[in-house]
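Report on the structure
Next come the chains, spelled out residue by residue.
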Amino acid sequence: MSEAVKETKAQRVERLKRELNPWTAYDDIVRFAREGWDAIPPPWLGTYFRWWGIYTQGDGVGAVGGKGGEGKATRHFMVRIRIPNGALHAHQLRTIADLAERHARGVADITVRQNIQLHWVSLEDLPAVFQALWLNGVTTLGSCGDVTRNVTGCPLAGADADELVDASPLVHAATRMLNGNPAFYNLPRKYKVTITGCRAWCSYPEINDVGLTAQRHPGTREIGFAVRVGGGLSTDPHLALPLDAFVPWHQALPVLRAISEIFRDSDALRENREKARLKFLFLQHGFTAARFLRAIEERLGVALPPGVRDEPPDDIYRDHVGIHPQKQAGYVYAGVAVLRGRLTPAEMRAAADLADRYGTGELRTTSMQNLLIPHVRREHAPALGRGLEAAGLRLDASPFRRGTVACTGSEFCKLALTETKGFARRLVETLEARLPGFEQHLRIHITGCPNSCGQHWIADLGVEGKKVKVDGALVDAYYFCVGGAVGLHQAVARPIGLRLPAADVLPAIERLLRAFLADRLAGETFRHFAARHTDDDLRGLLAGELVEAVARDESPGRPPHGVDG
C-alpha cells in the first residue's frame, strides 16, 4: 500500500479556504467564546480567524521561541481594526480607547496601513469587542487573511490644499466592492490597494499590489489615474510597475476589479505561500507591464487610453506632521507625530475631545503611523496645539520622530526575531538628545524580521531584525540597509554587509549621521550622501572602523517563515 502524500502548507491552506468562507461563520467565533479555548479547532487558530482581523499573539520571544521559524502562541489575540482611508470620528476613537483599556491592557498601535491594532484580547472578549466596533460603524472584517487588506488613501482627502482630487469616495467604494464580497474572500495571498488624489503619494503606491494615483490628462484636462501593479516588500522587495494607461475616474473601480480577478484566478500563485503575492507574476511567471495591461483590457472588454507623463514626488515628508493650511479658506489641520504608532487610551480620548472641541469631530490615521485632526479654524490652532502638547502628543517633532517607523516586533508577533517598539523609542529619544540640531529629512525604519512589515527596504536607514551570539547567548541584532527611496528617486535599500547587536546600533547610526553632517557637500541630502558612498564606506562609517562584509541572512537565530506581515 502506497504511503499517502503529505499536504504542503500551501495545499492545506487552499483546501481550508475551499471548504469554508470564514466571513460566513461568525457564529462559530461566538460559540468558541462561550465554550472556551479547547473548542477552537486548529484550522481556525491557524487560518480562519484572520479573515476577521484576528491573529494569535506571540509570547514575547518571537520566532526563536517556537519551532520551524514561528513562535509560540499565547491564549490572547491581536485584533486589527480596519480604517479605510484612515478616516475616523471622535466617537469611534473613544470606543477604540475604551476597548484598549478594557480588553487590551491599554495598548493600541497605528499601523502602516492606517489600521489600529489591539493586543492581549481574550477569546471570551471577542464578541464584545466586535459588537462595540460595529455599533460605532467600525469593523475588523478583512484586515488580515488572504483578502483585500485595508484600502488606504491620503488621510487629507478633501482637505489637502494641493490635492488633485478627493479620491476617498473611490477608497470607500473599493472597500465595499472587495471587503466581505464572497467573490473575493479567497485570494492567493494578502492583497494591498491604495487610491490617492494627493501629489505627495503619502499612501505609498510604490509598494502596494495596486496603486492608483491621480493625474490630470494634459490634452483633455480630465482627472484620472495612473495605475501601478505588483508592489510589495517582504523578503523579495519589488517596486510597483507603472502601466501604460490613463484610467478615467469612471473606470477606476472596473480596472481595480479586473486586477483583483486576475490575481484571484492566478492558480500558479497558489502553489507556494511564500511566493503568492501579485508581484510574483512579474518576478517568476513571465508577466510584464504590457502583458498585465492586456489582461486587464481583456476583462474590461475595452482598451484604456494610453498613459500620460507621471509626476512622482521628490524628496518630501509624507507624514503630514505639524499645522498646515487646508484647501478650505481659514481652516488648518494638525498632524501629530505618534512615536512608533503607539497610543494610550488617555491619548486617544484627548485627541477625540480636541477634535470635537476645535474641529468637526473627524480624525485621520496615516501610513506613517501618525494621527491628524482636520477642519480646524485657523484662530483655534494655538489652543489645539496647547491641548495636544498637554496630552503628550507632539506637533513640533524632530526628523527622527517624524521619520521612524517600527513594526510590531517580538513583543507580540510570532514571526519576529527582535523587539522593535521599545527599541524605536530609545533610538529616537537618544538621537534627539545627542543631535538636537539635525534638520535633514531622514527615514529610519525598524523591522523585526525579513518580512519587512516595518518597510525597511524603502528607508534611508533600514534595520532588519536578526540574532547574533554574544558570550554564547542569542541577543537581538540588526542588519543595515541604506539608501531606500520612494517617489521620483525610488530605489530598494542596499544591504551593506553590517550586522550589529541591538545595543551597538544606536552608536553606529550616530556615527554615520555625524559623518554626514561633517562631510556632506553643499546642499547635499542624506540620500545623495549615501548614494555617493560605497557599501564599504558606509559600513566603515557605521562601525567606526573597516570591517568585513557579512551576508544578510546568515544568523544563528531561526529565520521566520510563513510571511504574513
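What comes next is a walk through the structure. Owing to the predicted nature of the structure, the values given are computational and were not obtained by experimental measurement. (Residues numbered from 1 in each chain as written. Predicted model: local features only at pLDDT ≥ 70, side-chain atom pairs only at ≥ 80, totals over all residues. Heavy atoms only, no water.)

What follows covers the side chain of serine 122. Residue position: serine 122 is located in the loop between β5 (116-121) and α5 (126-135). Residue serine 122 is classed as buried on the basis of its relative accessible area of 10%. Not counting residues up to four positions away in its chain, the partners in contact with serine 122 are His76 and Phe77. (Helix = DSSP H or I, 4+ residues; strand = E, 2+ residues; numbered from the N terminus. Buried < 20%, exposed > 50% of the residue type's maximum accessible area, 1.4 Å probe, protein only. Contact = heavy atoms within 4.5 Å.)

The next subject is the sheet that holds strand β3 (residues 87-89). Pairing in this open sheet of 5 strands is antiparallel, and the strands run β3-β14-β15-β12-β11 from one edge to the other. The sheet terminates laterally at β3 and β11 (322-325), the two strands that pair on one side only. On average, adjacent strands in this sheet sit at an angle of 30° to one another, irrespective of strand direction. Bridge count between strand β14 (residues 362-365) and strand β15 (residues 371-377): 2 bridges; the pairing is antiparallel. Across the sheet, the residue bridging to threonine 365 is leucine 371, located in β15. Where helix α4 (residues 90-103) meets the sheet, its contacts fall on β3, β14 and β15, and the angle it forms with β3 comes to roughly 85°. Packed on one face of the sheet, helix α10 (residues 345-358) meets β14 and β15 and runs near 20° to β15. (Pairing = 2+ DSSP bridges. Axes fitted to C-alpha atoms, helices over the stretch in contact; angles between N-to-C directions.)

Core analysis: the biggest nonpolar cluster contains 61 residues, and Phe49, Trp52 and Leu126 have the highest contact counts within it. When residues no more than four places from it in sequence are discounted, the contact partners of tryptophan 52 are Pro22, Trp23, Tyr26, Ile29, Trp44, Phe130, Trp134, Thr140 and Leu141. Residues Ile223, Leu256, Leu293 and Ile296 belong to the second largest nonpolar core, which totals 42 residues. (Core = buried A, V, L, I, M, F, W, Y, C linked by side-chain atoms within 4.5 Å.)

The topology assignment puts aspartate 160 in the loop between α5 and α6 (168-178). Overall, the relative accessible area of 14% leaves aspartate 160 in the buried class. Those residues in contact with aspartate 160 that lie beyond four places of it in its chain are Cys198 and Lys327.

All right, on to the packing of α6 against helix α7 (residues 252-264) then. What describes two packed helices is the angle between their axes and the distance between those same axes. The N-to-C vectors of α6 and α7 enclose an angle of 40°; their axes lie 11 Å apart at closest approach. Taken together, α6 and α7 sit at an angle that is classed as oblique. With respect to the hand of their crossing, α6 and α7 are arranged in right-handed fashion. Between α6 and α7, the residues in contact are Leu170, Ala173, Ala174, Met177 and Leu178 and Ala252, Leu253, Leu256, Arg257 and Ser260, respectively. (Parallel < 35°, antiparallel > 145°, perpendicular 65-115°, else oblique. Left-handed = near helix turned anticlockwise from the far one by under 90°.)

Take the packing of aromatic side chains next. Applying the stated criterion across every chain yields a total of 24 aromatic pairs. When the ring of tyrosine 26 is compared with that of phenylalanine 130, the centres are 5.8 Å apart and the planes differ by 70°; the resulting orientation is edge-to-face. Taken together, the residues span a long stretch of sequence, with tyrosine 26 in helix α2 (residues 26-35) and phenylalanine 130 in helix α5 at a distance of 104 residues. In this pair, the class of tyrosine 26 matches that of phenylalanine 130, namely buried. On the numbers, 6.1 Å between centres and 55° between planes, the contact of tryptophan 52 with phenylalanine 130 is tilted. Of the two residues, tryptophan 52 is situated in the loop between α3 (42-46) and β1 (54-58) and phenylalanine 130 in helix α5; the sequence distance between them amounts to 78 residues. Phenylalanine 130 shares its class with tryptophan 52; the two are buried. An aromatic cluster is present here, built from Phe32, Trp37, Trp44, Tyr48, Phe49 and Phe77 joined pairwise through their rings. The positively charged end of arginine 291 is found above the aromatic ring belonging to phenylalanine 287, 3.9 Å away from the centroid. (Phe/Tyr/Trp six-rings, centres within 6.5 Å; stacked < 30°, edge-to-face > 60°. Lys NZ or Arg CZ within 6 Å of the ring centre and 35° of its normal.)

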